[in-house]
Amino acid sequence: DIRMTQSPSTLSASVGDRVTITCRASQSVSKWLAWYQQKPGEAPKLLIYEASKLKNGVPSRFSGSGSGTEFTLTISSLQPDDLGTYYCQHYSNYRTFGQGTKVEIK
Amino acid sequence: EVQLVESGGGLVQPGRSLRLSCAASGFNIDQYGLNWVRQRPGRGLEWVAHISWNSNAIVYADSVKGRFTISRDNAKNSMYLQMNSLRPEDTAFYYCTKDPVGTGDWYFDLWGRGTLVSVSS
């Protein structure tokens, strides 16, 4: 099974900061990677698919990059509404999630 | 409004069974693969099971294989999860999710709000 490892597990940043979350796969998943946002008490929502494609309606401050085994999710200017936990998920062969990165606002 | 709504969760004793349902509205499910994804309290996400648009492809996570059965009824625009021989470690929120296409491994482009299953004596 392909294992997904996110870092950091928790990050605390100020409004307006640039935030980067990393997701590493135990073997290549090509471009088959998605990112989700889960706000407290809510279901996850898709942000990005195919490593870098933004879902319709997702704010442009979110972006994704990477291929193979290393991927990043970037929030260019952190907003209060971005509080929550972010998960990566590969869909190369079966589907596995990373353990999540909790984003807190300072 | 395009949405998925889960139902059927609750408190159940270890070893017993429970059946979850997922009703879609605002779109027809007959073109899409569907899945169950669960989240143990305070924990991360775990994909549980997938069923293709025509039910020809069904896949389970090792953790539930042989105990859970996924099914769908396209005429009723619904999907189901029959959970047997439940264990305390099956305690979780269970989310119904939709794929962007009919079969294969994909991302989840629509999620329901979830239903809580608690397994305890």
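Scroll up to find the structure.
Note that the coordinates shown come from a computational prediction; the quantities given were computed from them, not determined experimentally. (Residues numbered from 1 in each chain as written. Chains lettered and ligands numbered in written order. Predicted model: local features only at pLDDT ≥ 70, side-chain atom pairs only at ≥ 80, totals over all residues. Heavy atoms only, no water.)

## Brief notes about the overall build of chain B
- A tally of helices and strands in chain B yields 0 helices and 11 strands.
- The secondary structure elements of chain B, listed N-terminal to C-terminal, are β-β-β-β-β-β-β-β-β-β-β.
- Over its C-alpha trace chain B gives a radius of gyration of 13 Å, about what one expects of a compact globule, namely 14 Å for 121 residues.
- Each principal axis of the C-alpha distribution contributes one length, and for chain B these read about 40 × 30 × 25 Å. (Helix = DSSP H or I, 4+ residues; strand = E, 2+ residues; numbered from the N terminus. Rg over C-alpha atoms; globule rule 2.2 N^0.38 Å.)

## What to know about the interface of chain B and chain A
- The partner chain A presents 16 residues to the 21 residues of chain B that form the contact.
- Each partner contributes to the roughly 1,600 Å² buried at the junction of chain B and chain A, and carbon and sulfur atoms together form 60% of this total.
- Remark: the boundary between chain B and chain A carries 2 salt bridges.
- With a shortest N-O distance of 3.8 Å, R95 of chain A and D105 of chain B are connected by a salt bridge.
- Across the chain B-chain A interface, the total number found is 12 residue pairs in polar contact (both at pLDDT 80 or more).
- The set of elements that each furnish at least two residues to the side of chain B that touches chain A consists of β4 (34–39) and β5 (45–51) of chain B. (Contact = heavy atoms within 4.5 Å. Buried area = accessible area lost by both parts, 1.4 Å probe. Salt bridge = Lys/Arg side-chain N within 4 Å of Asp/Glu carboxyl O. Polar contact = N/O pair within 3.5 Å; in protein donor to acceptor, adjacent residues only side chain to side chain.)

## A look at the sheet that holds strand β7 (residues 68–73) of chain B
Residue and element names in this part refer to chain B.
- The 4 strands lie next to each other as β1-β3-β8-β7, forming an open sheet whose pairing is antiparallel. The open sheet terminates on both sides in strands that have one partner only, identified here as β1 (3–7) and β7. Neighbouring strand axes in the sheet, compared pairwise and without regard to direction, differ in orientation by 15° on average.
- Of the strand pairs in this sheet, strand β3 (residues 18–25) and strand β8 (residues 78–83) are connected by 6 bridges, and their pairing is antiparallel. Across the sheet, C22 pairs through a bridge with M79, a residue of β8. (Pairing = 2+ DSSP bridges. Axes fitted to C-alpha atoms, helices over the stretch in contact; angles between N-to-C directions.)

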